[in-house]
Amino acid sequence: MKQAYRRWVCGLLACLTALLAVCGAVVYAVDPCLYYRVPDQWQPVLFNERYQMAGLAKNVEADTVLVGTSMAANYRASWIEETFGTSAVRLTIPDGYYSEFDQVLGVLFRAQDPERVIFGLDVNTLIRDESGVTAAMPEYLYNANPLDDIQYLLNKDTLYYSAYTLLSNRWGEGDTIDEGFTWDKDQWWNHMSALANYDRPEIAGEELPSDTYRDNVAANLAVAERWITAHPETEFDFFLPPYSMLFWDKVTREGRVDAVLAAIRQAGEALLQYDNVRLYGYLMDADIVTDLDNYCDYIHHSGEVCREILAMLRADEGRLTEENLEETLASWREFVVHYDYDKFWDEDFWTRWNAEHAA
């Protein structure tokens, strides 16, 4: 009886071991998170940035790397290659925190030595703390411990995504690295969409102190400064993405103009001390931000603006320096506090707008 029981237990364990081995082999072969390789026999299925950025950072060789939040998602790597004449990859974490970008760049620099990192210095993420960060980025995909690979190989989620990847390719629904995670094709980019997707706040009773975000900004910049100092041979181009004029309406009505401009000043003073850093202030480019036809909401701009930003970076336009930082911020403050935001809701404005667009 005991021998029969032992044989049954051993048989069960052998079956379970074989099943786990098959599951691990399937995940390794399909590699849905691109952890080991970018597939050449089928198209990848790009389903989750926080699961797949480690693989892209490690396995897509690139001399120029663009990193950012959803504000950077619609920059195609092919456009970067065309603009800079270099290999490129785009690494984005929507609504990302600096600790998350630190994980992505940690993988990147362990795997390769890019010549240039272009980082979207979103003000909305620069000024916040880490209290909202979650465990959505699996540590086993981003750390340097190969023993943790077992958590990737023997994982019900990655097994599911392996099947999903194979089925998607069978149905002709795979992605390309260039278009994966972009989202601009299904949006309306015009004045009406920007206003429709903007909730105008009530006017605040008082201004926030200019140092409101100082500690949060310092903590986030400390992360960026570690990248800069650890990789002095890499050029870091930080740019302030051009949120629309509705963003400035929002911060003006909320009494945050001085606090936001102080955060930008703090970032400039910290980053511009490094020889391998350039900083660009497209958030304060009046030609872009005042034209609401560039936007689908109060901050997100179209792919056409992405192309424009790349061209400006290539031409070194809109650059902030130690010499012009204070003057630029003072001039922009005058512009935003005296701007006629109410015209966006004025009937006469809409009559003119409709006439222009009908023509």
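You'll find the structure just up there.
The rules we used
- Residues numbered from 1 in each chain as written.
- Predicted model: local features only at pLDDT ≥ 70, side-chain atom pairs only at ≥ 80, totals over all residues.
- Heavy atoms only, no water.
- Salt bridge = Lys/Arg side-chain N within 4 Å of Asp/Glu carboxyl O.
- Pairing = 2+ DSSP bridges.
- Helix = DSSP H or I, 4+ residues; strand = E, 2+ residues; numbered from the N terminus.
- Buried < 20%, exposed > 50% of the residue type's maximum accessible area, 1.4 Å probe, protein only.
- Polar contact = N/O pair within 3.5 Å; in protein donor to acceptor, adjacent residues only side chain to side chain.
- Contact = heavy atoms within 4.5 Å.
- Patch = residues over 30% accessible without salt bridge, like charges linked within 9 Å, V, L, I, M, F, W, Y side chains within 5 Å.
- Areas by Shrake-Rupley, 256 points an atom, 1.4 Å probe, with all protein chains shown as cover.
- Core = buried A, V, L, I, M, F, W, Y, C linked by side-chain atoms within 4.5 Å.
- Lys, Arg positive; Asp, Glu negative; His and termini not counted.
- Charge placed at Lys NZ, Arg CZ, Asp CG, Glu CD.
- 1 Å grid on protein atoms, 1.4 Å probe; cavity = no way out; pocket = protein on both sides within 12 Å on 5 of 7 lines; lining within 4 Å.
- Points joined across faces, edges and corners; volume = space filled by probe spheres on them.
- Nonpolar A, V, L, I, M, F, W, Y, C, P; charged D, E, K, R; others polar.

Draft legend 1. Expanded view of the pattern of salt bridges. The final tally for this structure, using the stated rule, is 20 salt bridges. When salt bridges with common partners are traced through the structure, they connect R76, E179, D184 and K185 into a single cluster.

Draft legend 2. Local environment of the sheet that holds strand β4 (residues 235-239). Taken in spatial order, the 6 strands line up as β2-β1-β3-β4-β5-β6 in an open sheet, and their pairing is mixed. In the strand order of this sheet, the two ends are held by β2 (88-92) and β6 (319-320), each with one partner. In this sheet, strand β5 (residues 277-280) lies alongside β4 in parallel orientation, the contact comprising 4 bridges. By the bridge assignment, F239 is partnered in β5 with Y280.

Draft legend 3. Spatial organisation of the side chain of R50. Among the secondary structure elements, R50 is positioned in helix α2 (residues 49-59). R50 sits in the buried class, given a relative accessible area of 15%. Polar contacts involving the side chain of R50 include one to the main-chain carbonyl oxygen of P94, which spans 2.9 Å. Polar side-chain contacts of R50 include one of 2.9 Å to the side chain of E100. Apart from the residues within four sequence positions on either side, R50 is in contact with I93, P94, D95, G96, E100, A136, M137, P138 and Y142.

Draft legend 4. Quick peek at a nonpolar patch on the surface. A grouping of L13, L16 and L19 is seen on the molecular surface, where their side chains present a nonpolar patch of about 290 Å² in accessible area. Among the secondary structure elements, L13 is positioned in helix α1 (residues 2-30).

Draft legend 5. Representation of the nonpolar core in the model. Judged by nonpolar contacts, the single largest core of 104 residues is most densely connected at L121, F238, F247 and W248. With 9 residues, helix α12 (residues 257-271) is the largest single contributor of residues to this core. If we skip the residues at most four places from it in the chain, L121 touches Y98, L126, F238, F239, L240, P241, A267, L271 and L279.

Draft legend 6. How the structure looks around a negative patch on the surface. A surface patch of like charges, here negative, comprises D340, D346, E347 and D348. Along the chain, the position of D346 falls in the loop between α15 (325-337) and α16 (347-358).

Draft legend 7. Fine view of the layout of surface pockets. Empty space within the largest pocket amounts to approximately 160 Å³. Lining the largest pocket are 13 residues; nearest its centre among them are Y35, K58, R110, N143 and A144. Those elements that provide at least two residues to the lining of the largest pocket are α4 (98-111) and α6 (139-142). No other element matches α4, which puts 3 residues into the lining of the largest pocket. Residue classes in the lining of the largest pocket are distributed as 8 nonpolar, 2 polar and 3 charged.

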